[in-house]
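Chain by chain, the residues:
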Amino acid sequence: MHLRKWAGILGATAVAAGAFGAHGLKDAVTPERLLVWETAARYHLIHGLVLFALTLLPPASDSSARYATWAARTFILGILLFSGTLYALVLLDLPILGAVTPLGGVSLIAGWLLLALIPMHRSPP
């Protein structure tokens with residue numbers, strides 16, 4: 001799927017998740033669980049925006065494109081693992097899911113490191 005579509009879908013679902021947490025969950029879960037949900041939605045939205053920003057980078061070199069592609073993949077994986085497990089933890093009350101959440105955090109960190117490695121110079125013609 002095209003990266004801009006991923007960014008749009010992830011951005012929309014992040015806003016929907018945030019609204020659901022603020023309106024649908026505020027009386028249904030404990031305040032602690034609501035904070036977990038808010039953290040998941042915040043990280044979800046931030047990294048969806050980063051994905052969109054990646055689509056705005058001008059094409060530079062093949063190595064830039066590779067780093068950007070891998071950064072995008074790790075951000076998507078990180079959102080799914082980090083935010084996804086936190087959402088599921090709140091909705092399903094399965095604490096075991098908390099063991100998977102750090103893998104999502106590592107993926108998000110890896111995405112940022114890959115972003116830092118993107119060479120911004122153009123390759124010679």
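Residues numbered from 1 in each chain as written. Predicted model: local features only at pLDDT ≥ 70, side-chain atom pairs only at ≥ 80, totals over all residues. Heavy atoms only, no water.

Asks: Mind showing me how you'd approach the packing of helix H2 (residues 31–55) against helix H4 (residues 101–116) here?
Replies: When two helices pack together, you describe them by how their axes are tilted relative to each other and by the distance separating the axes. The N-to-C vectors of H2 and H4 enclose an angle of 25°; their axes lie 12 Å apart at closest approach. What the angle tells us is that H2 and H4 run roughly parallel. Where H2 crosses over H4, the handedness of that crossing is left-handed. For the pair formed by H2 and H4, the contact residues are Tyr43, His47, Val50 and Leu54 on the first element and Leu108, Trp112 and Leu115 on the second. Here the residues of the contact of H2 with H4 are counted per class, giving six nonpolar, one polar and no charged. (Axes fitted to C-alpha atoms, helices over the stretch in contact; angles between N-to-C directions. Helix = DSSP H or I, 4+ residues; strand = E, 2+ residues; numbered from the N terminus. Parallel < 35°, antiparallel > 145°, perpendicular 65-115°, else oblique. Left-handed = near helix turned anticlockwise from the far one by under 90°. Contact = heavy atoms within 4.5 Å. Nonpolar A, V, L, I, M, F, W, Y, C, P; charged D, E, K, R; others polar.)

Asks: Would you take a moment to explain a nonpolar patch on the surface for this structure?
Replies: Residues Phe20, Leu91, Leu92, Leu94 and Ile96 make up a contiguous nonpolar surface patch of roughly 510 Å² in combined accessible area. Relative to the helices and strands, phenylalanine 20 resides in helix H1 (residues 3–24). (Patch = residues over 30% accessible without salt bridge, like charges linked within 9 Å, V, L, I, M, F, W, Y side chains within 5 Å. Areas by Shrake-Rupley, 256 points an atom, 1.4 Å probe, with all protein chains shown as cover. Salt bridge = Lys/Arg side-chain N within 4 Å of Asp/Glu carboxyl O.)

Asks: Before we go on, may I ask you to explain the packing of aromatic side chains in this structure?
Replies: The description of two aromatic rings rests on the distance between their centres and on the angle between their planes. One pass over the structure, following the stated rule, counts four aromatic pairs. Centre to centre, the rings of tyrosine 43 and phenylalanine 82 are 4.9 Å apart; their planes meet at 40°, and the pair counts as tilted. Here phenylalanine 82 lies in helix H3 (residues 62–92) and tyrosine 43 lies in helix H2, a separation of 39 residues in the sequence. Among the aromatic residues, those joined into a cluster by ring pairs are Phe20, Trp37 and Tyr87. (Phe/Tyr/Trp six-rings, centres within 6.5 Å; stacked < 30°, edge-to-face > 60°.)

Asks: Can you walk me through H2 in this structure?
Replies: Residues three or four positions apart in an α-helix share a direction because the helix packs 3.6 residues into each turn. Across its 25 residues, H2 extends 37 Å between first and last C-alpha, which sits within 8% of the 36 Å expected from 1.5 Å per residue. By the burial criterion, the buried members of H2 are Leu34, Trp37, Ala40, Ala41, His44, His47, Gly48, Val50, Leu51 and Leu54. Elements in contact with the buried residues of H2: H1, H3 and H4. (Expected span 1.5 Å × (residues − 1). Buried < 20%, exposed > 50% of the residue type's maximum accessible area, 1.4 Å probe, protein only.)

Asks: What is the right way to look at the side chain of histidine 47 in this model?
Replies: For histidine 47, the location among the structural elements is in helix H2. By relative accessible area, histidine 47 is classed as buried at 4%. Every residue in contact with histidine 47, bar those within four places of it in the chain, is listed here: Phe75, Ile79, Leu108 and Trp112.

Asks: Sorry, what's going on with H4 here?
Replies: For H4, spanning 16 residues, the distance from its first C-alpha to its last is 23 Å, which sits close to the expected 22 Å at 1.5 Å a residue. Within the span of H4, buried status applies to Thr101, Gly104, Gly105, Ser107, Leu108, Gly111 and Leu114. The elements touched by buried residues of H4 are H2 and H3.

Asks: So what exactly am I meant to see when it comes to the packing of H1 against H2 here?
Replies: For the pair H1 and H2, interaxial distance at closest approach is 8 Å and the crossing angle is 160°. Between H1 and H2, the interaxial angle falls into the category roughly antiparallel. For the crossing formed where H1 meets H2, the hand is left-handed. Here Leu3, Arg4, Ala7, Leu10, Gly11, Thr13, Ala14, Val15, Ala17, Gly18, Phe20 and Gly21 of H1 lie close against H2, whose contacting residues are Leu34, Trp37, Ala41, His44, Leu45, Gly48, Leu51, Phe52, Leu54 and Thr55. Across the contact of H1 with H2, the residue classes tally to 14 nonpolar, seven polar and one charged.

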